[in-house]
Amino acid sequence: MKARRPPGPGDLHERIAPARLAELRRVAPSGEKLDRLTNAFGLLADPRRLRMLSALQAEPELCVCDLAAVAGMEESAASHALRLLRAHGVVKARRWGRMIFYSLYDERVRGILDGSIPKTRSR
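K.L.:
Could you give me a rundown of the overall build of the protein chain, with the residues and numbers involved?
P.N.:
When you go through the protein chain residue by residue, the secondary structure sums to 7 helices and 3 strands. Looking at the 123 residues of the protein chain, the share that counts as buried comes to 25%. Summed over its atoms, the accessible surface of the protein chain is roughly 9400 Å², and 54% of this surface lies on carbon and sulfur atoms.

Take a look at the structure:
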């Protein structure tokens, strides 16, 4: 008896009804939203940034010098990484005199880092 091969990626369009396929393509992110998502997840692809974010999960707030030490990088490089994370809404900053303290932006970021993306309201 001949074994059936599992469906491959090229077979997908043959298995999904055309109307359902059109709906799935319609709801998939595109354009500016796709660019924002790609950039945000690209930020998380750097191991040093992930070390900093993991530290912020354990401590509610840390300064640049502490985050640089955790990530094993110079303060200027850590500051640049944090500036990128802040611009994309991953971390937030609080100034106290000359010091800047960073924390995770919100629980959604914590959920992504935990691997359990919280449910959000759609549209």
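K.L.:
Can you break down the environment of A81 residue by residue, with the values?
P.N.:
Looking at where A81 falls in the secondary structure, it is placed in helix 6 (residues 75-87). Judged by relative accessible area, A81 falls into the buried class, the value being 5%. Measuring from C-alpha to C-alpha, the distance between A81 and A68 comes to 9.7 Å, with 13 residues separating the pair along the chain.

K.L.:
Lay out the sheet that holds strand 1 (residues 62-63) in plain terms, naming residues and giving numbers.
P.N.:
With respect to topology, 3 strands assemble into an open sheet ordered 1-3-2, the strand pairing being antiparallel. What marks the edges here is a single partner per strand, and that holds for strand 1 and strand 2 (91-96). As paired strands, strand 1 and strand 3 (residues 99-104) are joined by 2 bridges and run antiparallel to one another. Bridge pairing in strand 3 links L62 to Y102.

K.L.:
Tell me about the packing of helix 4 (residues 47-58) against helix 5 (residues 64-71), residues and numbers included.
P.N.:
Contact geometry for helix 4 and helix 5: axes closest at 8 Å, N-to-C directions at 125 degrees. When the axis of helix 4 is compared with that of helix 5, the two are oblique. Once helix 4 is placed against helix 5, the crossing between them reads as right-handed. Here R48, R51, M52, A55 and L56 of helix 4 come into contact with helix 5, specifically with L67, V70 and A71. Taken together, the residues of the contact of helix 4 with helix 5 break down into 6 nonpolar, no polar and 2 charged.

K.L.:
Mind laying out a nonpolar patch on the surface, listing which residues take part and the relevant values?
P.N.:
Nonpolar side chains collect at one region of the surface, where L37, F41 and I112 lie side by side and expose about 240 Å² of accessible area between them. Tracing the sequence through the fold places I112 in helix 7 (residues 107-114).

Calculation criteria
- Residues numbered from 1 in each chain as written.
- Predicted model: local features only at pLDDT ≥ 70, side-chain atom pairs only at ≥ 80, totals over all residues.
- Heavy atoms only, no water.
- Helix = DSSP H or I, 4+ residues; strand = E, 2+ residues; numbered from the N terminus.
- Buried < 20%, exposed > 50% of the residue type's maximum accessible area, 1.4 Å probe, protein only.
- Areas by Shrake-Rupley, 256 points an atom, 1.4 Å probe, with all protein chains shown as cover.
- Pairing = 2+ DSSP bridges.
- Axes fitted to C-alpha atoms, helices over the stretch in contact; angles between N-to-C directions.
- Parallel < 35°, antiparallel > 145°, perpendicular 65-115°, else oblique.
- Left-handed = near helix turned anticlockwise from the far one by under 90°.
- Contact = heavy atoms within 4.5 Å.
- Nonpolar A, V, L, I, M, F, W, Y, C, P; charged D, E, K, R; others polar.
- Patch = residues over 30% accessible without salt bridge, like charges linked within 9 Å, V, L, I, M, F, W, Y side chains within 5 Å.
- Salt bridge = Lys/Arg side-chain N within 4 Å of Asp/Glu carboxyl O.

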